[in-house]
Amino acid sequence: MRIAILTNAYPPSAQGGAGRIAFLQAEGLRALGHEVRVWHAPLKWTNKSVFWRLLHHLYELRAVHPVVHAIRAWQPEWLITHNLTGIGFRTPAQLRSASTGWAHVLHDIQLFEPSGQVARSEAVSVWQRAWSLCRRRSLGRPDVVLSPTQMLIDLHQTRGFFQTTTNVVLPNPAPVQRIVVRKRHQPLRALFIGRWSADKGSELLERLWSRFSPSEVEWSVIGPGTESVHPPAGNGFGVQDEGQILAHLESHDVLVVPSQILENQPTVVLEAMSRGLPVIVSDQPGIRETLQGEGVYCSTQDVAAWEQALQEVRQESEEAYLTRVQAMERMWHRH
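This text gives an overview of the structure that appears in the document. These numbers were taken from a predicted model, which means no experiment stands behind them.

**Considerations on the sheet that holds strand 1 (residues 2-7)**
- Read from one edge of the open sheet, 6 strands run 2-1-3-4-5-6, paired in parallel fashion. Of all strands in the sheet, those bounded by a partner on one side alone are strand 2 (35-40) and strand 6 (166-169). Averaged over neighbouring strand pairs, the angle between their axes works out to 20° when direction is ignored.
- Along the sheet, helix 1 (residues 17-31) makes contact with strand 1, strand 2, strand 3 (78-81) and strand 4 (101-105), crossing strand 2 at roughly 160°.

**Regarding the nonpolar core**
- Core analysis: the largest hydrophobic core is formed by 26 residues, its most contacted members being Leu6, Trp39, Ile71, Leu111, Leu139, Leu155 and Phe162.
- Among the secondary structure elements, those contributing two or more residues to this core are strand 1, helix 3 (67-74) and helix 6 (150-158).
- Broken down by element, this core gets its largest block of residues, 4 residues, from helix 3.
- Ignoring sequence-local partners within four residues, the contact set of Leu139 consists of Leu84, Phe89, Trp102, Leu111 and Phe162.
- One finds Leu188, Trp196, Leu204 and Trp209 within the second-largest nonpolar core, a separate group that totals 25 residues.

**A look at the side chain of Thr7**
- Assignment of secondary structure puts Thr7 in strand 1.
- Assessed through its relative accessible area of 2%, Thr7 is described here as buried.
- A distance of 3.0 Å separates a polar side-chain atom of Thr7 from the backbone oxygen of Ala9.
- Contact partners of Thr7, with chain neighbours within four places excluded, come to Ala22, Val38, Trp39, His40, Ala41, His82, Asn83 and Ile87.

**Some points on the side chain of Ser274**
- Relative to the helices and strands, Ser274 resides in helix 9 (residues 267-274).
- A polar contact is formed between the side chain of Ser274 and the backbone oxygen of Glu271, at a distance of 2.7 Å.
- The residues contacting Ser274, other than those within four sequence positions of it, are Pro175, Val176, Gln177, Arg178, Leu246 and Trp332.

**As for the environment of Leu262**
- Position of Leu262 relative to the elements: it lies in the loop between strand 10 (254-257) and helix 9.
- Put simply, Leu262 and Ser282 are 20 residues apart on the chain and 9.3 Å apart in space, counted from C-alpha to C-alpha.

**A word on the sheet that holds strand 7 (residues 188-193)**
- With parallel pairing, the 6 strands of this open sheet are ordered in space as 9-8-7-10-11-12. For this open sheet the edge positions go to strand 9 (234-236) and strand 12 (296-298), each flanked by a neighbour on one side alone. On average, each strand axis in the sheet is tilted by 20° relative to the strand beside it, whichever way the strands run.
- Pairing of strand 8 (residues 217-222) with strand 9 involves 3 bridges; the strand directions are parallel. Bridge pairing in strand 9 links Ser220 to Asn235.
- Packed onto the sheet, helix 11 (residues 303-315) meets strand 7, strand 8, strand 10, strand 11 (279-282) and strand 12 and runs at close to 170° relative to strand 11.

**Here's the deal with unusual backbone geometry**
- Looking along the chain, the bond that leaves Gln186 and enters Pro187 is cis, with omega of 0°.
- The residue Gln75 is not glycine, and still its phi comes out positive at about 60°.
- Although it is not a glycine, Gln292 adopts a positive phi angle of roughly 50°.
- In this fold, Gln292 is placed in the loop between helix 10 (285-291) and strand 12.
- Residue classification places Gln292 among the partly exposed residues on the basis of a relative accessible area of 43%.

**Observations regarding the pattern of salt bridges**
- Under the counting rule described, the total for this entry stands at 13 salt bridges.
- Of the charged contacts, one joins Arg2 and Glu35 as a salt bridge, the two residues approaching to 3.6 Å between their closest N and O atoms. Here Arg2 is found in strand 1, whereas its partner Glu35 is found in strand 2, with 33 residues between them in sequence.
- When its relative accessible area of 27% is taken as the criterion, Arg2 is described as partly exposed.
- Owing to a relative accessible area of 40%, Glu35 belongs among the partly exposed residues under this scheme.
- One salt-bridge network, in which partners are shared between bridges, spans Arg178, Glu250 and Arg275.

**A word on the environment of Arg2**
- Residues Arg2 and Asp283, 281 residues apart in the sequence, show an inter-C-alpha distance of 40 Å.
- For Arg2, the contacting residues outside a window of four places in its chain are Glu35, Trp74, Gln75, Pro76, Glu77 and Trp78.

**Comments concerning the packing of aromatic side chains**
- A full pass over the atoms with the stated rule returns 6 aromatic pairs.
- Seen in terms of ring centroids, Trp209 and Trp219 are 6.2 Å apart; in terms of plane orientation they differ by 55°. Their pairing is tilted. Taken together, the residues Trp209 in helix 7 (residues 202-209) and Trp219 in strand 8 connect sequence positions 10 residues apart. Taken as a pair, Trp209 and Trp219 share a single burial class, namely buried.
- Through a chain of ring-to-ring contacts, the aromatic side chains of Phe192, Trp196, Trp209 and Trp219 assemble into a single cluster.

About the cut-offs
- Residues numbered from 1 in each chain as written.
- Predicted model: local features only at pLDDT ≥ 70, side-chain atom pairs only at ≥ 80, totals over all residues.
- Heavy atoms only, no water.
- Pairing = 2+ DSSP bridges.
- Helix = DSSP H or I, 4+ residues; strand = E, 2+ residues; numbered from the N terminus.
- Axes fitted to C-alpha atoms, helices over the stretch in contact; angles between N-to-C directions.
- Contact = heavy atoms within 4.5 Å.
- Core = buried A, V, L, I, M, F, W, Y, C linked by side-chain atoms within 4.5 Å.
- Buried < 20%, exposed > 50% of the residue type's maximum accessible area, 1.4 Å probe, protein only.
- Polar contact = N/O pair within 3.5 Å; in protein donor to acceptor, adjacent residues only side chain to side chain.
- Salt bridge = Lys/Arg side-chain N within 4 Å of Asp/Glu carboxyl O.
- Phe/Tyr/Trp six-rings, centres within 6.5 Å; stacked < 30°, edge-to-face > 60°.

Next up, the structure:
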């Protein structure tokens, strides 16, 4: 089958979770024998002022990206779209034909909240209702919507999206599992992977660092902005490629995911599963659905809870630690 993938994030120009998922999806489809081509249009205006970003968002409600000509000429049997910000929300509708199916993949909440950030799943603001109405009319109706969690589908349906569409919960692709023979280190090796920003938990981490001595916990932080971060014991590594990230997951004892905003299915959690790495995570519905109860959950702002969770991993018996490892390995097989 001939499949076209359209996305605004794709390696190597984009290192985030959505781009890596699109890449893994393309590779997986090729491995199944499909003919796959990827078109992507990297965002170039996200660092501009709020005023200019708003103008871009409004323009994109009616915009059609020039890639439609190349995709039409290739004549795919299926179109798979990912995040469309920067591509134009009318673009998929221009590619529809009687012989082309359309599947849209949800990664986050950008369709109804352009900032991509909300703190609670229950809140539906007037802004979100108005913005959702505009984008629903521009986007049209895919044949299929794929989401890694039911939570994300529910959030969109609450705001009027995809109520008559075929919605399928399909966990995001993860790296091939590799069984790691783990022996916990002293000091404990704790790992953070993500953009170094307050919404991803940078402030909480800095407060947490002060509660451990270098002989207790050694920290590694990886991702955009972390190259200038200096934990009291450990290193900031900056952006790393997938192979380097997986190597870090294999050499550490616990992954810390302290995100302060609503998360869907963080790619790094799936990667931790693939390497049997125990996790301590923010108590968020999408993460709970992904981990199905495994892992340790902490309130986003409760530094004492995060400290206690790390202390438990650091001080528990080797047998108890290996039980955590085996639970993560089993979770990978469920996905």
